[in-house]
Structure formats: structure tokens, C-alpha cells
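In case you want the letters, here they are:
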Amino acid sequence: MGLHIGIVGGGFVGRVHVEALLAHPDVDRISIADHDPVALETIARNYPTQRAVSDHAALLDDPSLDVLDICLPHDLHHPVVIEAFAAGVDVIADKPIANTLVEADEMLAAADLAGRRFYVALNQRFIPAHRRVKQLLDEGGIGPPSLATLTVAGDERARMGIPGHWKGSWERAGGGALADSGTHIVDLAHWWFGPPRAVSCQLARHVIEAADKADDTAGVLLEYPGLTVSLAVAYGSGGQPWSETRSMWSETGAVHVRLEADEPLELWQHGKRQPQAVEHRTDWWPWSVQRGLDHGVSAIAHDRPFEVTPLAARAALRTIRAAYEAAGEGRRIVMAEYAGGD
């Protein structure tokens, strides 16, 4: 018999998760919980769910539930994950793992105590172009890179512009653009290059006027021996569709990824462009979510290891919290000295 998965959160991300899970061969039943009656009714009407309830506690009381999939604002990840492990079910959570390292450590400890699986959906690791970059780096396909840039330029003005909305708020989201989409490119930097030696950061709110909101623009510098990695995230970029790029250069080669392009990967070796055929879709974001969930659910269903562990999600959070501290204090943070007791 396949898995019974409960999804908490029926918003846009929750609907993408529902569609991905309905297509998974190891999933038999899906239930949904959301306190918003409109969101709940929309999912119940459009998808074949087992149950639709207003309180996730009702899902956790169901002895047939195997996995809770959490698609909630960042500040709710910690309490709902803790509840799920106490109820004896496995957990899938959207990124980031939490808002603070203290919360993340409590979640990891709760998973260990309950003996349950914990998967944080860092879906960009499952994009074929990104996986090809990882392969090239591991094999020395472009030589040791000396400079890399990873960027996100998107438009979150609608939600961030609403005072009191959780998106981009210090209290509920743990920060703005960097805490949100910045999680993905920090995780990619860790995956490709390892943890940084030091972090510097500049934050700004150039576009969003709501006083309770954090950064709509962030620039982060990650330092490695022989390598400089520059990360940039902007949430006020409404002049073109959402854009994400990654580039790196070495003495002998270069590789470039542009996710919104039909042909997302460009490789140069010794001054010559090398054709690269990688699977890709222009609806890359929901597709990557599905690929990441496919992996996580299959690993849970068949008791296989996760390719991306919750410790990797914690590591990304640690670098992001260090970047916020670096910006706030106007100094460079040496990661070996960063305790992160937030």
C-alpha cells in the first residue's frame, strides 16, 4: 500500500505540491489542511483529496497518516514540524528549514528522538542543468573556478507591499529576499563549492515601502580559498519575467545557467563553446518542485537515503543568518567563529 500524505497549507505552493504528489506512484491518498476556507474549498473541489480539514491537528490524529508535507509561512515550520514528529509521522517541509538555528536544531533533535524521516525540499538541486554543473565541477570540467555569480531577480512587490503580510517580514519570514529565494542559491553554493570561509552582506529595501518588511534586495559575498562567490537577490524586478542565472569562470573554462531559457546551459572549455544537451522545461519552478518531491517521497517510501539532508538545509540557514548579522553589524563574518545563537 502506498503513502497517505497530509499537506498543510493550501496556497500556491501547496497546490503545486498536491499536483506533484498526485502523480507519484508511491502516494495512495492525499489530505489537506488549511485554515482559509477559500483555499481549502478550492483544493477540495479541484483535486481528489482524501480529506479537507481546517486544522492540521485533525490530520495528525488520523492513524493512517504517513507523512506531513508542510507548505506554510516560515515561522510556522518549527511548531508544526515538532507536532508532526510528536505524532509519529515523517515530515516533508518547504524551504527554509526554519527562521533560526535554534529552531532548526530543535527540529532535527525531534526527528532523531521520534525516529522519523525529515526532508527539506531544496528543489533546485534536482534541476538537470544544476546537476550537470555539479558533475562538471566534480570532474574538473572547467578547471578550478575563481569567480562565480548566482542571481535571482523576481517580482514580489504584491505580497511584500502589504503591511502585516508574512512575506518578507522580519518576524514571520526571518528576513526578506535573502531569507526566501536566497536559500536556494546559498544551498547551491554549498553544494557546488562547500561551506564558505567568510561572509559579507549588504541589504537594502529599494522598492518595498511597508515598514515591517525586510530586504527586497541583497548582495552577499562568500569567500573560499581561491574563489569568490557573489550572490544577488532582488524582489522588486518587475521589468521582465522572473530570472535566475548562475555563472562561473576559471582560467580554462566557464559555465553559465539561465533557467528561463529554452537551452539553459552553456559550457566553454579552452575558448571553445561545447554543446550541452540537458533536459529542461521553461516551467522549471513547478517542474523542479515535482522532481524534488519525487525524490523525497520515493526515499521515504522505500527507506532510501535523501540526496539532500536536513543538515544541508541547516547549513544554508547558518550562512544566511551569518549574512544578516554581517549586514547588521557592517562587518565580515568568519564562519569558523560564527555560533549563530539566534
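Structure: above.
Because the structure is predicted, anything quoted here is derived from the model rather than measured.

1. A word on the environment of Ala 114
Line of reasoning, step 1. The topology assignment puts Ala 114 in helix H5 (residues 101-114).
Line of reasoning, step 2. With a relative accessible area of 33%, Ala 114 lands in the partly exposed category.
Line of reasoning, step 3. With 104 residues separating them along the chain, Ala 114 and Ala 218 place their C-alpha atoms 38 Å apart.

2. Some points on the environment of Glu 329
Line of reasoning, step 1. Here Glu 329 is to be found in helix H11 (residues 310-329).
Line of reasoning, step 2. We classify Glu 329 as partly exposed; its relative accessible area is 47%.
Line of reasoning, step 3. Put simply, Glu 329 and Cys 201 are 128 residues apart on the chain and 9.8 Å apart in space, counted from C-alpha to C-alpha.
Line of reasoning, step 4. A distance of 2.5 Å separates the side chain of Glu 329 from the side chain of Arg 331, its partner in a polar contact.

3. A few points about the sheet that holds strand S1 (residues 3-8)
Line of reasoning, step 1. Strand order in the open sheet formed by 6 strands is S3-S2-S1-S4-S5-S6, and the pairing between neighbours is parallel. Two strands in the sheet have a free side with no partner beyond their single neighbour: strand S3 (52-53) and strand S6 (118-121).
Line of reasoning, step 2. Direction of pairing for strand S5 (residues 90-94) relative to S6: parallel, over a ladder of 4 bridges. Along S6, the bridge assignment pairs Ala 93 with Val 120.

4. Focus: the layout of surface pockets
Line of reasoning, step 1. As a volume, the largest pocket reaches approximately 1000 Å³.
Line of reasoning, step 2. Looking at the lining of the largest pocket, the elements with two or more residues in it are helix H1 (12-22) and helix H10 (284-301).
Line of reasoning, step 3. Partitioned by chemical class, the residues of the lining of the largest pocket number 16 nonpolar, 13 polar and 12 charged.

5. Remarks on the sheet that holds strand S10 (residues 227-234)
Line of reasoning, step 1. Read from one edge of the open sheet, 9 strands run S14-S13-S12-S11-S7-S10-S9-S8-S15, paired in mixed fashion. Across the chains shown, the open sheet's two edge strands, defined by having one partner strand only, are strand S14 (272-274) and strand S15 (333-334).
Line of reasoning, step 2. By the bridge criterion, 7 bridges tie strand S7 (residues 147-153) to S10 in an arrangement that is parallel. Bridge pairing in S10 links Thr 151 to Ala 232.
Line of reasoning, step 3. In the packing of helix H6 (residues 128-139) onto the sheet, contacts are made with strand S11 (243-249), strand S12 (253-258) and strand S13 (265-269), and the angle to S12 comes to roughly 165°.
Line of reasoning, step 4. Packing against the sheet, helix H9 (residues 182-193) makes contact with S7, strand S9 (217-224), S10 and S11, and its axis sits at approximately 165° to S10.

6. Re H10
Line of reasoning, step 1. Compared with an ideal rise of 1.5 Å per residue, which puts 18 residues at 26 Å, H10 spans 25 Å between its outermost C-alpha atoms and is within 8% of the ideal.
Line of reasoning, step 2. For H10, the complete set of buried residues consists of Trp 284, Trp 287, Ser 288, Val 289, Gly 292, Leu 293, His 295, Gly 296, Val 297, Ser 298, Ala 299 and Ile 300.
Line of reasoning, step 3. Where H10 ends, the next residue or the one after it, Asp 303, has phi of about 55°, a positive value.

Rules used throughout
- Residues numbered from 1 in each chain as written.
- Predicted model: local features only at pLDDT ≥ 70, side-chain atom pairs only at ≥ 80, totals over all residues.
- Heavy atoms only, no water.
- Helix = DSSP H or I, 4+ residues; strand = E, 2+ residues; numbered from the N terminus.
- Buried < 20%, exposed > 50% of the residue type's maximum accessible area, 1.4 Å probe, protein only.
- Polar contact = N/O pair within 3.5 Å; in protein donor to acceptor, adjacent residues only side chain to side chain.
- Pairing = 2+ DSSP bridges.
- 1 Å grid on protein atoms, 1.4 Å probe; cavity = no way out; pocket = protein on both sides within 12 Å on 5 of 7 lines; lining within 4 Å.
- Points joined across faces, edges and corners; volume = space filled by probe spheres on them.
- Nonpolar A, V, L, I, M, F, W, Y, C, P; charged D, E, K, R; others polar.
- Contact = heavy atoms within 4.5 Å.
- Axes fitted to C-alpha atoms, helices over the stretch in contact; angles between N-to-C directions.
- Expected span 1.5 Å × (residues − 1).

Geometric values such as these leave the question of function open.
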